[in-house]
Amino acid sequence: MEERLQKILAQWGIASRRESEEMIRQSRVRVNGILAHLGQKVDPQRDKILIDDLPVLTGQRPSLIYLLLHKPAGFVSTCHDPQGRPTVLDLLPSELREGLGIHPVGRLDVDSTGALILTNDGELTYGLTHPSHSISKSYRVTVQGHPPAAVIQRWSQGVILEGKITRPARVRLIETYINQSCLEIVLQEGRNRQIRRVAEQLGYPVIKLHRTAIGSIQLKTAITPFLQVGEYRHLTQDEMIFLSKQINRTPIKTKLS
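No experiment lies behind these values; they were computed from the predicted model shown.

## Observations regarding the sheet that holds strand β2 (residues 29-31)
Strand order across the open sheet formed by four strands is β3-β2-β5-β6, with antiparallel pairing between neighbours. Looking at strand neighbours, the two that pair on one side only are β3 (34-35) and β6 (54-56), the edges of this open sheet.

## Considerations on helix α4 (residues 122-129)
For α4, a buried count of six out of eight residues is recorded, marking the element as mostly surrounded by other parts of the structure. Among the residues of α4, those classed as buried are Gly 122, Leu 124, Thr 125, Tyr 126, Gly 127 and Leu 128.

## Some details on the confidence of the model for the protein chain
On average, residues of the protein chain score 85 in pLDDT, and 91% of them are at 70 or above. With pLDDT under 50 throughout, residues 250-257 is counted as low confidence; its partners more than four residues away or in other chains account for 20 contacts.

## Considering the pairing of strand β13 (residues 170-176)
Inspection of the sheet shows β13 paired to strand β14 (residues 180-187) by six bridges, in the antiparallel sense. Bridged to Leu 173 within β14 is Leu 183. Counted between consecutive antiparallel strands, the loop separating β13 from β14 contains three residues.

The rules behind each value
Residues numbered from 1 in each chain as written. Predicted model: local features only at pLDDT ≥ 70, side-chain atom pairs only at ≥ 80, totals over all residues. Heavy atoms only, no water. Pairing = 2+ DSSP bridges. Helix = DSSP H or I, 4+ residues; strand = E, 2+ residues; numbered from the N terminus. Buried < 20%, exposed > 50% of the residue type's maximum accessible area, 1.4 Å probe, protein only. pLDDT = per-residue confidence, 0-100. Contact = heavy atoms within 4.5 Å.

Put into structure tokens, the structure is as follows:
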């Protein structure tokens, strides 16, 4: 049965759909010896698929893996970095880092720390990062200065970025220091560097940004030990049930399906 190439690569755990599309754009994928193109349909039982000139076999699909990582600063949330910076995969042992298709779900920018999901389940990644879904993400953010209540309310209600207003967020003052303030921020969306850009626009630039939770998935729970910086653990059964419910709550409407 024919399916779009990027969907098949995601189902096999090779990469997320977006990363599969990027590999196709970079001319790294061939089908029956011919460079693949976006939107191309293939039959995995009939067509020969190669990535970087290495064959991909359906029988080699690895077991699905779901991890929670405590990301340190200085690591990029990608599988490969053209600038040669360390990636979050470098924090995993070699048996998980190579040959299993594990990749980050969404991103934390290089200077940010905290909770990041890693998996080789491309369909899960696609579901969790699709705009039709909005899993809340919680952050502890230190900003320069002391934003007054009016600024915090404005931030909560939404701020225009690139001509489009951000979704309402929960923004709460936690602590005040001499020249800085600590905020708790809960987002229902994740535009590129959203918190940093909004904070800069409002006049209170971010000093430190730490993600504490992805929905109900936290770095520390009642049944799991706190993850130290750079450590990872497998998701629990309850956490997997939570993710499954989030994906199935609203049907994903997309031309890629």
